[in-house]
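# Descriptive structure summary
Below, each chain spelled out in residue letters.
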Amino acid sequence: MNLLNFIRKNINRTIPDFSDVGVDMHSHLIPGIDDGVTTIEEAVEIVKQLHKLGYYKLITTPHIMSDFYKNTPEIINSGLKLLQNEIRKQNISVTIEAAAEYYLDYEFEKKLEKENLMTFGKKYILIEISFFNPLDSLHEIIFNLETAGYKPILAHPERYTYWLYDFNKYIELKDRGVLFQINVNSLIGEYSLQAKKIAEKLIENNMVEFLGTDVHFMMHVELMNKLLSNKHLAKLVYSGNLLNNTL
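Residues numbered from 1 in each chain as written. Predicted model: local features only at pLDDT ≥ 70, side-chain atom pairs only at ≥ 80, totals over all residues. Heavy atoms only, no water.

Moving on, we come to the overall build of the protein chain. Each helix and strand counted, the protein chain has nine helices and nine strands in total. Relative to the globule expectation of 18 Å for 247 residues, the C-alpha radius of gyration of the protein chain, 18 Å, shows essentially globular dimensions. Taken over the C-alpha atoms alone, the protein chain extends approximately 65 × 45 × 30 Å along its principal axes. By residue count, 49% of the 247 residues in the protein chain fall in the buried class. Sequence-distant contacts, at least 24 apart, represent 80% of the contacts inside the protein chain between residues at least 6 apart. As displayed, the protein chain has an accessible area near 11,800 Å², and 49% of this comes from carbon and sulfur atoms. Side chains of the protein chain carry 26 positive and 32 negative charges; the gap between the two charge centres is 6 Å. (Helix = DSSP H or I, 4+ residues; strand = E, 2+ residues; numbered from the N terminus. Rg over C-alpha atoms; globule rule 2.2 N^0.38 Å. Buried < 20%, exposed > 50% of the residue type's maximum accessible area, 1.4 Å probe, protein only. Contact = heavy atoms within 4.5 Å. Areas by Shrake-Rupley, 256 points an atom, 1.4 Å probe, with all protein chains shown as cover. Lys, Arg positive; Asp, Glu negative; His and termini not counted. Charge placed at Lys NZ, Arg CZ, Asp CG, Glu CD.)

See below:
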C-alpha cells in the first residue's frame, strides 16, 4: 500500500476534539430539576469542559416525566436564565439554550393535544421511551407528532436493548421519519456492552443524525476524552450525516 492510500484509509480513525460536532442537543445541565447536575457551580464547570472539547453551543434537555420529573416550560426556562447569567458572568464563549427530553408516558399525548411542546432547531422534539419494555403505542404517537408538525428525535435508541436482536424495529422507525440521537459514551460501553453494539451497528448503517453527550455529571465529560480515538465515533463525525452543527 502506498503512502497516499494509507493516509486515505486511516485519516478518519481519530478526531482531535468535538469541534466538528459543535452543538450538543442532549444534556441535563439545569441544577436540581431532574437527575442531572445539582448545583450551578457543577453546571458551569461542565460547560467549561465541554467548551474545551470543542462545543460552542449547548441545548440542554431536562426530563419531562409524569411520575418523576414534572417539569414545565416555565420551570425549565427559569433555570435556564440562571445558568445563562452565570455563563455570561464568567465570560464563557458558549451559547446555552433549552428544550426538553419528553418521556412517552400516559400523559404525553395530553400534552401533545394541549401544549406547545419544547423544541429546538426546525421543530425537532427529543423523545425517549422505557429502557425495559417496548412501547406498544410508539408508532401511533410518532404519527401524531409528525401530523402536528413536530420532527421526532429518538434519544439514545441504542439503550433500548430489547431491540438488540430485532434490528428491523430501528429500520421501521427510520422508515417513519424518526431521527436517531446516540449518546457519545455508549461507544465506550458506559451503559452496557449491548448498547455499545447497537450504537456501532447504527453508525455502520448510516442511521444516526445526532450525537448527544447526555451529560448528567462531570464523569460523563471525563469519559468523552477517552473516546477521541474511537473509530466508530470518527466514522460518525466524518460521515456527513450529523445535523448537530445545523442547530
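Okay, back to it.
Within the secondary structure, N225 sits in helix α8 (residues 218-225). Remark: the alpha-carbon pair of N225 and I40, spanning 185 residues in sequence, is separated by 23 Å. At 3.3 Å, the side chain of N225 and the backbone oxygen of V221 are in polar contact. (Polar contact = N/O pair within 3.5 Å; in protein donor to acceptor, adjacent residues only side chain to side chain.)

Here the focus is α8. Burial in α8 covers these residues: H220, V221, L223 and M224. When α8 is viewed along its axis, its buried side chains cluster within an angular range of 160° and face the same direction. Buried residues in α8 make contact with α2 (40-52). (Arc of directions from axis to C-beta.)

This paragraph deals with the sheet that holds strand β2 (residues 57-60). Strand order in the open sheet formed by three strands is β1-β2-β4, and the pairing between neighbours is parallel. For this open sheet the edge positions go to β1 (23-24) and β4 (95-98), each flanked by a neighbour on one side alone. (Pairing = 2+ DSSP bridges.)

With four of five residues buried, strand β7 (residues 151-155) is to be regarded as a mostly interior element. Across four bridges, the pairing between strand β6 (residues 124-128) and β7 is parallel. Its bridge partner lying in β7, I125 is registered against P152. Taken together, the three bridges between β7 and strand β8 (residues 179-183) define a ladder with parallel strand orientation.

Moving on to the packing of α2 against helix α3 (residues 73-89). Here α2 crosses α3 at 60°, and the two axes come no closer than 10 Å. Judged by the inter-axis angle, α2 sits oblique to α3. The two elements α2 and α3 meet at a crossing, and its hand is right-handed. Across from I40, A43, V44 and V47 in α2, the residues of α3 making contact are L82, L83, E86 and I87. (Axes fitted to C-alpha atoms, helices over the stretch in contact; angles between N-to-C directions. Parallel < 35°, antiparallel > 145°, perpendicular 65-115°, else oblique. Left-handed = near helix turned anticlockwise from the far one by under 90°.)

What follows deals with the side chain of D24. On the secondary structure map, D24 appears in strand β1. Of the side chains with opposite charge, K57 comes closest to the buried, unpaired D24, at an N-O distance of 12 Å. (Salt bridge = Lys/Arg side-chain N within 4 Å of Asp/Glu carboxyl O.)

Moving on: the packing of aromatic side chains. Centre-to-centre distance and the angle between the planes together describe a pair of aromatic rings. Evaluated as defined, the whole model comprises twelve aromatic pairs. The interplanar angle of 45° and the centroid separation of 6.0 Å between the aromatic rings of F120 and Y124 together place this pair among those described as tilted. Relative accessible area serves as the criterion here: at 4%, F120 is assigned to the buried category. On the basis of relative accessible area, Y124 is assigned to the buried category, the value being 6%. Judged by centre distance (5.4 Å) and plane angle (75°), the rings of Y124 and F210 are edge-to-face. Highlighted residues: Y124 in strand β6 and F210 in strand β9 (residues 210-212), separated in sequence by 86 residues. Here a set of aromatic residues connected by ring pairs shows up, and it is made of F131, Y160, Y162, W163, F167, Y170 and F180. Above the ring of F180, the side-chain terminus of K174 is found at 4.5 Å from the ring centroid. Here the guanidinium or amino end of K201 rests over the ring plane of F167, the centre of that ring lying 4.4 Å away. (Phe/Tyr/Trp six-rings, centres within 6.5 Å; stacked < 30°, edge-to-face > 60°. Lys NZ or Arg CZ within 6 Å of the ring centre and 35° of its normal.)

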